[in-house]
Amino acid sequence: MIKFPKDFLWGSAASAPQTEGAAAMGGKSPSTWDKWFELNPELFNQNQGPEITSDVYHQYREDVKRMKEIGMNSYRTSIAWTRLLPDGKTLNEEAVRFYRDYFTAMLEEGVEPIINLFHFDMPWWLMEQGGWEIRASVEHFAYYAKVAFEQFGDLVKRWTTFNEPLVHIECGYLLGCHYPAKNDWRLMVQVGYHTLMAHVRAVEEFRKCQIEHGEIGIILNVSPAYARSQSPEDLLAKEVSDNRSVYSFLDPCVLGTVPEKLVELLKQFDLLPFVEETDEKLIAENTVDFIGLNYYQPTRVKAPDHPQTPPQGFRDLVAGYDWPEKKMNPYRGWEIYPEALYDVALMMKEKYHNIPWYVSENGMGVADEERFLTEEGEIQDDYRIEFMKEHLEQLHKGIEAGSNCFGYHTWTFVDCWSWLNGYRNRYGFYRVDIEDNCKRTMKLSGKWYKQLSEQNGF
Ligand code: BGP
């Protein structure tokens with residue numbers, strides 16, 4: 001039997017834009033996702049947009065009971081910036097009532113709300129001015145954060161600023177799958193830097209608010225790099241990849257410094273962002289209390305086959321590597337490699353002074369889950385249980401080795417809407433029938449999770 005530490009957090013994560021729905025109700029203004037869908041619905045799987053998603057705005061009270069039903073003692077979701085402050089300045093009382101009622105309902109059922117501020121949902125009014133491209137975004141965000149802490153700080157003790165900042169940065173400015181879908185390295189770095197400063201300023205506001213027993217952190221996607229070989233070129237590829245995708249936010253958020261190697265690379269490729277004089281001090285003084293790490297897949301790297309010399313950019317130092325032994329989740333196209341969780345646990349212990357951290361997302365998205373429906377209407381998602389077990393075993397090994405991990409959250413609780421993918425891949429403990437008023441039905445994995453949390457292990 002594998003046992004986890006006392007008071008371990010068991011739960012799930014989700015976000016406002018992926019679950020709430022009511023995208024144009026209750027005084028909410030549009031985010032980039034609402035607008036992008038209006039402008040280009042054809043980009044979204046089966047034209048599934050963010051208007052209704054899983055209807056949590058109307059079904060949250062029953063949902064909170066469901067959380068308890070499957071043994072969750074904690075749940076992370078986000079506040080929609082566009083709901084709380086529709087124009088960036090004016091407080092929306094309807095939003096305050098909704099979130100206060102939602103968080104209170106969780107507390108009444110013994111489910112701790114962990115609340116995040118930004119989950120890819122940039123307000124449209126701000127995007128029209130340039131979004132994270134402009135320095136003013138930093139202060140707009142800091143103001144939003146301050147308002148959220150003031151309005152809900154009595155109910156919410158654990159706060160996080162951003163979910164996976166690297167995702168809106170890279171997807172929005174390199175890969176084309178988030179608005180504004182630009183392809184511009186220099187802008188991407190600037191957007192990344194403003195995001196970091198927005199985080200730092202939010203932490204500063206948090207400290208000023210002095211929320212009793214309050215703690216603040218950030219949620220980062222962690223995809224550690226594994227090199228094809230031990231050759232110096234392949235190892236350099238790993239170093240470059242980790243600096244870009246792992247240390248770029250972990251270092252400043254936990255240690256208060258930007259990694260030297262990353263700065264050196266940005267300088268080499270003439271990509272250094274504009275900074276302000278007091279930024280360095282602000283970064284150093286506003287480190288976090290805890291970290292959430294979303295882990296789905298590793299990064300496999302090698303040295304590029306035909307790099308330009310001297311290298312002109314990151315692409316001349318690191319390339320993707322197709323590891324022949326990989327095991328895949330074919331629906332999402334992501335490698336399944338639980339062993340990385342152990343490595344991540346040790347990295348947190350050794351490189352990040354064993355700061356408290358938790359697995360803030362881990363999960364398996366599967367398409368067409370109706371295939372696994374029994375006559376009684378239950379989805380037999382044994383693959384999901386297997387996936388969680390394998391990851392928990394590795395995590396447990398890391399905890400045994402002394403890593404300060406305090407919880408394991410899955411993605412996700414009820415099936416939810418996923419960006420351009422709509423409802424294609426399902427991750428939830430509860431199936432959501434989007435044809436039938438988003439009716440929820442528990443899957444086999446929900447039952448298993450209940451047992452897991454009751455026994456604090458398996
Ligand atoms: C994470 C995001 C989530 C969620 C999840 C699953 O990166 O924080 O918002 O969507 O991945 O990924 P996807 O929905 O793309 O299948």
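Computed from a predicted model, the values in this text were never measured in an experiment.

Rules used in this analysis
Residues numbered from 1 in each chain as written. Predicted model: local features only at pLDDT ≥ 70, side-chain atom pairs only at ≥ 80, totals over all residues. Heavy atoms only, no water. Patch = residues over 30% accessible without salt bridge, like charges linked within 9 Å, V, L, I, M, F, W, Y side chains within 5 Å. Areas by Shrake-Rupley, 256 points an atom, 1.4 Å probe, with all protein chains shown as cover. Salt bridge = Lys/Arg side-chain N within 4 Å of Asp/Glu carboxyl O. Helix = DSSP H or I, 4+ residues; strand = E, 2+ residues; numbered from the N terminus. Axes fitted to C-alpha atoms, helices over the stretch in contact; angles between N-to-C directions. Parallel < 35°, antiparallel > 145°, perpendicular 65-115°, else oblique. Left-handed = near helix turned anticlockwise from the far one by under 90°. Contact = heavy atoms within 4.5 Å. Near = heavy atom within 4 Å. Polar contact = N/O pair within 3.5 Å; in protein donor to acceptor, adjacent residues only side chain to side chain. Nonpolar A, V, L, I, M, F, W, Y, C, P; charged D, E, K, R; others polar. Phe/Tyr/Trp six-rings, centres within 6.5 Å; stacked < 30°, edge-to-face > 60°. Buried < 20%, exposed > 50% of the residue type's maximum accessible area, 1.4 Å probe, protein only. Core = buried A, V, L, I, M, F, W, Y, C linked by side-chain atoms within 4.5 Å. Pairing = 2+ DSSP bridges.

**Topic: a nonpolar patch on the surface**
- Together, V258, V263 and L272 make up an exposed nonpolar region whose accessible area comes to about 190 Å².
- The residue V263 is located in helix α11 (residues 260-268) in this model.

**A closer look at the packing of helix α8 (residues 165-175) against helix α10 (residues 232-255)**
- Interaxial distance between α8 and α10 falls to 10 Å at its minimum, and their mutual angle equals 130 degrees. If you check the angle between α8 and α10, you find them oblique. As for the relative orientation of α8 and α10, their crossing is right-handed in sense. Judged by residue contacts, P165, L166, I169, E170 and L174 of α8 engage R244, S245, S248 and F249 from α10.

**Focus: the site of the ligand**
- In the neighbourhood of the ligand, 13 residues make up the surrounding shell, with Q18, E164, R332, S418 and Y427 lying closest.
- Within the side chain of H119, an N or O atom sits 2.8 Å from an oxygen atom of the ligand.
- Within the contact set of the ligand, an oxygen atom lies 2.5 Å away from a side-chain nitrogen or oxygen of S418.
- Here the ligand has 380 Å² of accessible area as a free molecule, and 92% of this is covered by the chains.
- Looking at the shell around the ligand residue by residue, the class counts come to five nonpolar, five polar and three charged.

**Thoughts on the packing of aromatic side chains**
- For the structure shown, the criterion picks out 51 aromatic pairs.
- Each ring, one from W36 and one from F44, has its centre 6.0 Å from the other, and the planes form 80 degrees; the classification is edge-to-face. For the pair W36 and F44, a shared accessibility class is recorded, and that class is buried.
- Taken together, a centroid distance of 5.8 Å and an interplanar angle of 25 degrees make the contact between Y99 and F103 stacked.

**Some remarks on the nonpolar core**
- If you look at the biggest cluster of nonpolar residues, it comprises 111 residues, and the most contacted ones within it are W159, I291 and L395.
- Broken down by element, this core gets its largest block of residues, ten residues, from helix α9 (residues 185-209).
- Counting residues in each nonpolar core, the second largest holds 13 residues, with V189, A237, L271 and V301 among its members.

**Quick notes on the sheet that holds strand β4 (residues 158-163)**
- Spatial strand order, β1-β2-β3-β4-β5-β7-β12-β14: eight strands in a closed barrel with parallel pairing. Averaged over all neighbouring strand pairs, the angle between strand axes comes to 25 degrees, with direction disregarded.
- Examined bridge by bridge, β4 and strand β5 (residues 215-221) share four bridges and lie parallel to one another. Residue pairing for β5: R158 is matched across the bridge by E215.
- Along the sheet, α10 makes contact with β5 and β7 (290-294), crossing β5 at roughly 170 degrees.

**Brief notes about the side chain of S137**
- For S137, the position within the fold is in helix α7 (residues 136-152).
- Residue contacts for S137: discarding those within four places in its chain leaves L126, G131, W132 and H194.

**Comments concerning the sheet that holds strand β8 (residues 299-302)**
- Taken in spatial order, the three strands of this open sheet run β6-β8-β9, and their pairing is mixed. At either margin of the open sheet sits one strand with a lone partner, and together these are β6 (225-227) and β9 (319-320).
- Here β6 runs beside β8; their pairing, made up of three bridges, is parallel. Residue pairing across strands places Y226 opposite R300, the latter belonging to β8.

**Some thoughts on the environment of D270**
- In this structure, D270 sits in the loop between α11 and α12 (279-285).
- C-alpha of D270 to C-alpha of Y295: the two residues are 25 residues apart in sequence and 31 Å apart in space.

**A word on the pattern of salt bridges**
- Here the structure, examined in full by the defined rule, presents 39 salt bridges.
- Two residues, E369 and K443, come together in a salt bridge whose shortest N-O distance is 2.6 Å. Placement of the pair is E369 in the loop between β13 (366-367) and α14 (382-400) and K443 in the loop between β17 (439-442) and α15 (444-455), with a sequence separation of 74 residues.
- One network of salt bridges, in which partners are shared, links E369, D381, R384, D415, R426 and K443.

**A short note on the side chain of H391**
- Assignment of secondary structure puts H391 in helix α14.
- If sequence neighbours within four positions are ignored, H391 has contacts with Y295, I336, Y337, P338, L341, N362 and Y408.

**Focus on unusual backbone geometry**
- With an omega dihedral of 10 degrees, the bond running from Y179 to P180 counts as a cis peptide bond.
- Considering the arrangement of structural elements, one finds P180 in the loop between α8 and α9.
- Residue P310 is bonded to the preceding T309 through a cis peptide linkage, with omega at -10 degrees.
- Looking at the element boundaries, P310 is found in the loop between β8 and β9.
- One non-glycine residue, C438, lies in the positive phi region at around 60 degrees.
- With respect to the helices, strands and loops of the structure, C438 is situated in the loop between β16 (430-433) and β17.

**Brief notes about the pairing of β8**
- Summarising the sheet, β8 and β9 pair through two bridges and their orientation is antiparallel. Opposite V301, over in β9, you have G320 as the bridge partner.

**Describing the environment of S241**
- Looking at the secondary structure, you find S241 in helix α10.
- Judged by relative accessible area, which is 8%, S241 ranks as buried.
- Residues S241 and S223, spaced 18 residues apart in sequence, show a C-alpha to C-alpha distance of 9.4 Å.
- Sequence-distant contacts of S241, defined by excluding residues within four places in its chain, comprise A225, V246, T299, V301 and V318.

**Overview of the pairing of β7**
- For β7, the buried fraction is high: five of the five residues fall into the buried class.
- Of the two faces of β7, both are covered, the one formed by F290, G292 and N294 as well as the one formed by I291 and L293.
- Bridge analysis of β5 against β7 gives five bridges, and the strand direction is parallel. Note that in β7 the partner of G217 across the bridge is F290.
- Sheet topology note: the β7/strand β12 (residues 357-361) ladder contains four bridges and is parallel. In the sheet register, I291 faces β12, and the bridge partner there is W357.

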